[in-house]
Amino acid sequence: TPRSFLIYNTHFDYFHRTPLKGFLDERGIDSVVIVGITFPNCVLATQLGATDNDLRVGLVADACTQVEEAGLRAMQNKGVQLMSVDDLKAFLGCG
């Protein structure tokens, strides 16, 4: 059965002052896929937080707003895997 978890955050980086890293570690999760609004703020900050925490990171650019090509290139240079919504659906087995 699918479960939902809510982690409240007041910062751009969802790893900053939240239990997210511990939550992932407790479950043996080593990868995250990022989607969201304001690519230059929350998306970028969370990507940096994830890579700083040694997580593998995927980014669904077409599920983000205000995407900048230079920002996407910079993320790829840090090892972020760019994917489309369709790529993610296929990976998750729901598309």
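In case you missed it, the structure is sitting above this.
Described below are features of the structure shown in this document. Keep in mind it's a predicted model, so treat the numbers as computed, not measured. (Residues numbered from 1 in each chain as written. Predicted model: local features only at pLDDT ≥ 70, side-chain atom pairs only at ≥ 80, totals over all residues. Heavy atoms only, no water.)

Pairing within the open sheet is parallel, and its 3 strands lie in the order 1-2-3. Looking at the sheet topology across the chains shown, the edges are occupied by strand 1 (31-36) and strand 3 (81-83). Pairwise comparison of adjacent strand axes, ignoring direction, gives a mean angle of 25 degrees for this sheet. Sheet analysis places strand 1 next to strand 2 (residues 56-64), joined by 5 bridges and oriented parallel. Within strand 2, the residue paired with Val32 across the bridge is Val57. Here helix 4 (residues 85-92) sits on the sheet and contacts strand 1, strand 2 and strand 3; the angle it forms with strand 2, its principal contact strand, is near 130 degrees. (Pairing = 2+ DSSP bridges. Helix = DSSP H or I, 4+ residues; strand = E, 2+ residues; numbered from the N terminus. Axes fitted to C-alpha atoms, helices over the stretch in contact; angles between N-to-C directions. Contact = heavy atoms within 4.5 Å.)

Listed in full, the buried residues belonging to helix 3 (residues 69-77) are Gly71, Leu72 and Met75. Along the axis of helix 3, the buried positions cluster into a sector of 100 degrees, meaning they face one direction only. Exposed residues on helix 3 whose side chains face more than 90 degrees from its buried face are Glu69 and Asn77. The elements touched by buried residues of helix 3 are helix 2 (39-52), strand 2 and strand 3. Gly79 sits one or two residues past helix 3 and shows a positive phi near 95 degrees. (Buried < 20%, exposed > 50% of the residue type's maximum accessible area, 1.4 Å probe, protein only. Arc of directions from axis to C-beta.)

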